[in-house]
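An overview of the molecular structure
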Amino acid sequence: MNQPTISQRKLLGIAGLGWLFDAMDVGMLSFLMAALQKDWNLPAEQVGWIGSVNSIGMAVGALVFGLLADRIGRKNVFIVTLLLFSIGSGLSALTTTLAAFLALRFLIGMGLGGELPVASTLVSEAVPAKDRGRAVVLLESFWAGGWLLAALISYFVIPAYGWRPALWLAAAPALYAIYLRLRLPDSPRFMATKKEGTVWSHIANVWSAPYRKETTMLWILWFCVVFSYYGMFLWLPSVMVMKGFSLIKSFEYVLVMTLAQLPGYFSAAWLIERVGRKFVLITYLLGTAASAYFFGTAESLAGLMTAGIFLSFFNLGAWGALYAYTPEQYPTSIRATGAGMAAAFGRIGGIFGPLFVGSLVAKGVSVTAIFTLFCLSVLVAVLSVTVLGKETKQQELA
């Protein structure tokens, strides 16, 4: 039976729409944390757990669904993960206790964690080598659109109507993405590859001699990037409140910072096929580290906004390059497994990031010291790519 084909634009639209809704949920979580803290009178440590449980689910989802994608196909995993995320988002709006909210955040996290590495794997396999990096970064740019929608909903809906309607709005559009996903063909490269080996042999293969260096590099990179991203961005509205701004003003300022994500993605997409993955990753991560340091030390509104805008620009550009770079390290037979395992290990950093901030805030540690630590974390990621990373620009996939 002939495998149906799909244009690059349509593939990006279908995969990107689900990516956008995922980002809308994660982006809204940062605003929900600030709103729930006030609504349920939660201490900082418990607020940190909201972000961390989401990351625990993402770690489990990235591992489980990455393994499944190399067995049952990329498309089938797409549909399952989006259903999990969509249903969980709707149900979480009905919760009245922190425990129930956390349980559903775990399920939502599983869907999100499985979705992202598998989506980038599918697009990588379906696009020619000369366009591959740019296509995956453009897929990642839908994340900025989702964050922007999250910021708009949080700014206009949460203060006026509360956080529950915001969650229903986040869940509803995902059903349309499921309809589109049913019309999406699976990866032609995956369909043409002979399915050999077990789940355990795939895991062992990722750490075998030919891929050990790449896997080590990716795991360090993912851990440091995810640790700093979730530590910084999930706490942005709360940090603005700590800096003395009202909740509504904080949402407004974070909305402005979020707009800088789009040029960050588009500039990375333009550069990635011209100067290569390593250069883009290293440059944008160095920009992230510098921006994190200056955001932590900023005292004035102008300083905070400038550093926050550059933080969004560089960090999300780096994320685009990371998703383009990761699937290119492995052959088709273990590509989703390798990408899923790296993402899963990275999500462990996402578990500790928000908890780390909550714990340090509770102990009275300054925002300056906290963001300096995130700056150092990003510099470790830079070192990993510089020393262990190889250039994969326009390299044909195995």
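Rules and cut-offs
Residues numbered from 1 in each chain as written. Predicted model: local features only at pLDDT ≥ 70, side-chain atom pairs only at ≥ 80, totals over all residues. Heavy atoms only, no water. Helix = DSSP H or I, 4+ residues; strand = E, 2+ residues; numbered from the N terminus. Rg over C-alpha atoms; globule rule 2.2 N^0.38 Å. Buried < 20%, exposed > 50% of the residue type's maximum accessible area, 1.4 Å probe, protein only. Contact = heavy atoms within 4.5 Å. Areas by Shrake-Rupley, 256 points an atom, 1.4 Å probe, with all protein chains shown as cover. Expected span 1.5 Å × (residues − 1). Domains from an automatic or database assignment. Buried area = accessible area lost by both parts, 1.4 Å probe. Salt bridge = Lys/Arg side-chain N within 4 Å of Asp/Glu carboxyl O. Polar contact = N/O pair within 3.5 Å; in protein donor to acceptor, adjacent residues only side chain to side chain. Phe/Tyr/Trp six-rings, centres within 6.5 Å; stacked < 30°, edge-to-face > 60°.

When helices and strands are counted, the protein shows 18 helices and zero strands. Since a compact globule built from 398 residues should have a radius of gyration of about 21 Å, the 20 Å found for the protein is in line with a globular shape. Seen along its three principal axes, the alpha-carbon backbone of the protein occupies a region of about 60 × 45 × 35 Å. Residue burial in the protein is summarised as follows: out of 398 residues, 61% are buried. In the protein, 86% of the contacts between residues at least 6 apart in sequence involve partners at least 24 apart. Working note: accessible area of the protein is about 14,200 Å², and carbon and sulfur atoms make up 70% of it.

Between its first and last C-alpha atoms helix H17 (residues 335–362) spans 41 Å; for 28 residues at 1.5 Å apiece the expected length is 40 Å, and the two agree. Across the 28 residues that make up H17, a large majority, 21, are buried. Note on H17: the residue one or two positions beyond its end, Gly364, has a positive phi of about 85 degrees.

On to the domain arrangement of the protein, then. Its domain assignment divides the protein into domain 1 (1–184) and domain 2 (201–397). Taking only C-alpha atoms, the centre of domain 1 and the centre of domain 2 are 18 Å apart. In this complex, domain 1 contributes 55 residues to the contact, which on the side of domain 2 involves 58 residues. Interface area, domain 1 with domain 2, both sides summed: about 4,800 Å², of which 72% is carbon and sulfur. On the domain 1 side of the interface with domain 2, the three residues burying the most area are Arg132, Val137 and Tyr155, jointly 12% of the side's total. Summed over the shared surface of domain 1 and domain 2, the result is two salt bridges. Here Arg132 and Glu328 are joined by a salt bridge, their closest N and O atoms 2.8 Å apart. Applying the counting criterion to the domain 1 and domain 2 interface returns nine residue pairs in polar contact (both at pLDDT 80 or more). For the side of domain 1 that touches domain 2, the secondary structure elements donating two or more residues are helix H1 (8–39), helix H2 (44–72), helix H4 (98–126), helix H5 (129–156) and helix H6 (158–161).

A word on the packing of aromatic side chains. Here the structure, examined in full by the defined rule, presents 24 aromatic pairs. Between the aromatic rings of Phe101 and Trp163, the centroid separation amounts to 6.0 Å while the plane-to-plane angle is 85 degrees, which identifies the pairing as edge-to-face. Residue Phe101 is located in helix H4, and its partner Trp163 is located in helix H7 (residues 163–171); the two are separated by 62 residues in the primary sequence. Seen in terms of ring centroids, Trp319 and Tyr323 are 5.8 Å apart; in terms of plane orientation they differ by 25 degrees. Their pairing is stacked. Here Trp319 pairs with Tyr323, and both are found in helix H16 (residues 301–325), just four residues apart, close to one helical turn. Each member of the pair, Trp319 together with Tyr323, is buried. Members of the aromatic cluster, each reached through a chain of ring pairs, are Trp207, Trp219, Phe223, Phe227, Phe295, Phe345, Phe356, Phe371 and Phe374.

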